[in-house]
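Residue-level structure breakdown
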Amino acid sequence: MSSPGDRTPRANIVGTGLIGGSVGMALRAAGWHVSGVDLDDARAARALDVGALDAIGLDADADVTVVATPVGSVAAVVADVLGRVAGVVTDVGSVKAPVVGAVDDPRFVGGHPMAGSEQDGIEGATPAMFDGAVWVLTPTDVTDDDAYTTVRAMVSSLGAEVIDLEPASHDAIVADVSHVPHLTAAALMAMAADRSVEHRALLRLAAGGFRDMTRIAASPPDIWPDICAENRSAITASLDRLIGSLGQVRSLVADADRAGIVSLLDAARQARVNLPTGIPADVALSEIRVPIFDRPGELARITTLATEIGVNIFDVAISHSGEGAAGVLEMIVETSLAERLTGALMANSYRPTTRDIGT
């Protein structure tokens with residue numbers, strides 16, 4: 001595959017809805033030539049009209065193909081596309097384990113941008129969709145290292161922060177932070193709507209916090225049956241934990257436990273204000289260099305290890321060697337966390353070196 005640095009990089013988008021259209025717009029803004037297809041010819045034509053695509057069709061020589069179809073069809077579409085293009089294939093589905101488990105190909109890198117909108121379809125697409133968003137990649141033991149770095153570089157060029165997770169870990173986490181919150185918002189809206197039949201003023205009074213909590217319930221519902229089916233184990237486990245937590249809250253309220261209520265709310269407030277908000281502009285950075293060998297899943301093991309120990313990798317590259325080793329993996333991390341990562345790497349028989357590179 002040609003390096004995007006040698007010519008205009010080329011991409012395919014399969015599925016030109018909200019996310020696929022936004023990927024296409026963002027890639028075009030970053031200088032890529034983007035082709036695309038959709039089961040709905042009219043939607044593909046509209047994607048061309050609004051600037052999400054340069055051309056309709058599947059470019060067999062594209063560097064990256066992004067599959068942005070409903071979750072239930074992703075695995076089959078990825079398998080089909082891998083037989084029709086020469087480059088790397090990734091997807092944007094919010095459930096990863098079933099897809100990654102079904103596609104055993106070194107050119108496939110599972111992905112999920114944690115971004116979206118209450119708007120529907122290509123009309124809601126925007127090139128700024130992924131700026132500052134977290135984009136999860138799920139490389140495995142069979143993932144080709146160059147395929148991974150190609151997808152990671154593409155994602156980073158869209159302004160997203162990349163983290164690597166094992167597919168099953170991704171699904172469990174996303175159930176907690178995305179799928180169950182959406183279903184909870186829907187349940188709250190359903191409860192309010194039921195009450196509004198009896199009390200017409202209720203929905204007019206539902207302002208402020210209620211509107212903030214239920215905003216995501218305004219999203220189009222079409223994708224959710226697939227999500228709930230494909231990630232049902234993680235979602236039901238998360239719902240069970242939520243039900244248990246609500247039961248504890250109910251007990252505190254029923255018992256008029258003032259101290260318990262204050263403790264609960266204070267702990268929640270502290271957790272909320274300490275949510276990550278991005279990378280400070282003046283953060284000190286270090287480069288970690290690790291010799292790696294030509295064996296399947298090498299890069300996936302290292303990047304997933306970094307995520308597991310809480311170290312974010314801001315950038316990654318591989319310097320190739322013509323000898324026995326595949327080359328040297330170069331990672332940029334926060335200086336204050338560099339020792340944590342190098343220690344973990346040494347514990348796993350790697351031989352990293354570190355140098356400070358400033359801010």
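So, here's what we can say about the structure.

Cut-offs and rules
- Residues numbered from 1 in each chain as written.
- Predicted model: local features only at pLDDT ≥ 70, side-chain atom pairs only at ≥ 80, totals over all residues.
- Heavy atoms only, no water.
- Helix = DSSP H or I, 4+ residues; strand = E, 2+ residues; numbered from the N terminus.
- Polar contact = N/O pair within 3.5 Å; in protein donor to acceptor, adjacent residues only side chain to side chain.
- Contact = heavy atoms within 4.5 Å.
- Patch = residues over 30% accessible without salt bridge, like charges linked within 9 Å, V, L, I, M, F, W, Y side chains within 5 Å.
- Areas by Shrake-Rupley, 256 points an atom, 1.4 Å probe, with all protein chains shown as cover.
- Salt bridge = Lys/Arg side-chain N within 4 Å of Asp/Glu carboxyl O.
- Phe/Tyr/Trp six-rings, centres within 6.5 Å; stacked < 30°, edge-to-face > 60°.
- Buried < 20%, exposed > 50% of the residue type's maximum accessible area, 1.4 Å probe, protein only.

1. Here's the deal with the side chain of Thr143
Mapped onto the secondary structure, Thr143 falls in the loop between β7 (134–138) and α5 (145–157). A polar atom in the side chain of Thr143 sits 2.7 Å from the backbone nitrogen of Thr140. Setting aside anything within four residues of it in sequence, one finds Thr143 in contact with Pro106, Phe108, Val109, Tyr148 and Gly297.

2. Quick look at the side chain of Ser219
Secondary-structure assignment places Ser219 in the loop between α8 (209–214) and α9 (224–230). There is a polar contact of 3.0 Å between the side chain of Ser219 and the backbone oxygen of Ile216. Setting aside chain neighbours within four positions, we find Ser219 in contact with Ser117, Glu118 and His182.

3. Brief notes about a nonpolar patch on the surface
A cluster of nonpolar side chains, namely Val249, Val253, Leu264 and Leu265, defines an oily patch on the protein surface of about 330 Å² accessible area. Residue assignment for the nonpolar patch shows that the elements contributing at least two residues are α10 (232–254) and α11 (258–273). Here Leu265 lies in helix α11.

4. Digging into the packing of aromatic side chains
Under the definition given, this model contains 1 aromatic pair. Their ring planes at 55° and their centres at 5.1 Å tell us that Phe130 and Trp135 sit as a pair that is tilted. On the basis of relative accessibility, which here comes to 1%, the residue Trp135 falls in the buried class.

5. As for unusual backbone geometry
Even without being a glycine, Ala256 presents a positive backbone phi close to 50°. Considering the arrangement of structural elements, one finds Ala256 in the loop between α10 and α11. For Ala256, a relative accessible area of 56% gives the class exposed. Residues other than glycine seldom take positive phi values, yet Ser349 does so here, at roughly 75°. Within the secondary structure, Ser349 sits in the loop between α13 (335–347) and β12 (353–358).

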